[in-house]
Amino acid sequence: MATKRLEVRLDDETQEVLSDLATERQASISEIVRFALRRLHEEDQRERRHRAVEAICAMEIEDVPEPEELSRQLAEAHDPGIP
């Protein structure tokens, strides 16, 4: 159940679009707005992940060493120097 209230001022065209969508989907305007916000958020997250994948793919990464060698390198890199 929604617990917060938000006032949004709309132009006539946007109000008509929302009303039409609510009628078509047999939902309230509030439900349509919540649904649209969730979809927009999901789309934004998907685009962010896509850009991250592209950035990773564009990286020039050398061959990964064998697990034992990688463990040794990581241990050396993060060794706090405590005896």
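Residues numbered from 1 in each chain as written. Predicted model: local features only at pLDDT ≥ 70, side-chain atom pairs only at ≥ 80, totals over all residues. Heavy atoms only, no water.

A. Highlighting the confidence of the model for the chain. Per-residue confidence for the chain averages 91 on the pLDDT scale, and 96% of its residues sit at or above 70. The secondary-structure element of the chain with the lowest mean pLDDT is helix 3 (residues 67–77), recorded at 88, while helix 1 (residues 12–25) shows the highest, at 97. (pLDDT = per-residue confidence, 0-100. Helix = DSSP H or I, 4+ residues; strand = E, 2+ residues; numbered from the N terminus.)

B. Spatial organisation of a negative patch on the surface. On the surface, a cluster of negative charge is made up of D11, D12, E13, E16, D20 and E24. Here D11 lies in the segment before helix 1. Residue D11 is classed as partly exposed on the basis of its relative accessible area, which comes to 46%. (Patch = residues over 30% accessible without salt bridge, like charges linked within 9 Å, V, L, I, M, F, W, Y side chains within 5 Å. Areas by Shrake-Rupley, 256 points an atom, 1.4 Å probe, with all protein chains shown as cover. Salt bridge = Lys/Arg side-chain N within 4 Å of Asp/Glu carboxyl O. Lys, Arg positive; Asp, Glu negative; His and termini not counted. Charge placed at Lys NZ, Arg CZ, Asp CG, Glu CD. Buried < 20%, exposed > 50% of the residue type's maximum accessible area, 1.4 Å probe, protein only.)

C. Spatial organisation of a nonpolar patch on the surface. Taken together, the side chains of L6, V8 and L10 define a hydrophobic patch exposed on the protein surface, amounting to about 300 Å² of accessible area. Turning to its location among the elements, L6 is positioned in the segment before helix 1. L6 gets classed as exposed once you look at its relative accessible area, which sits at 70%.

D. Main features of the pattern of salt bridges. One pass over the structure, following the stated rule, counts four salt bridges. With a closest N to O distance of 3.2 Å, E7 and R9 form a salt bridge. There is no split in this pair, since E7 and R9 are both exposed. Of the charged contacts, one joins R72 and E76 as a salt bridge, the two residues approaching to 2.4 Å between their closest N and O atoms. In this pair, R72 and E76 both sit in helix 3, four residues apart, roughly one turn of the helix. For R72, a relative accessible area of 39% puts it in the partly exposed group. One salt-bridge network, held together by shared partners, links E69, R72 and E76.

E. Local environment of the packing of helix 1 against helix 2 (residues 29–58). Interaxial distance between helix 1 and helix 2 falls to 9 Å at its minimum, and their mutual angle equals 100 degrees. In terms of their interaxial angle, helix 1 and helix 2 are classed as roughly perpendicular. In contact with Q15, L18, S19, L21, A22 and R25 of helix 1, helix 2 contributes I29, I32, V33 and F35. (Axes fitted to C-alpha atoms, helices over the stretch in contact; angles between N-to-C directions. Parallel < 35°, antiparallel > 145°, perpendicular 65-115°, else oblique. Contact = heavy atoms within 4.5 Å.)

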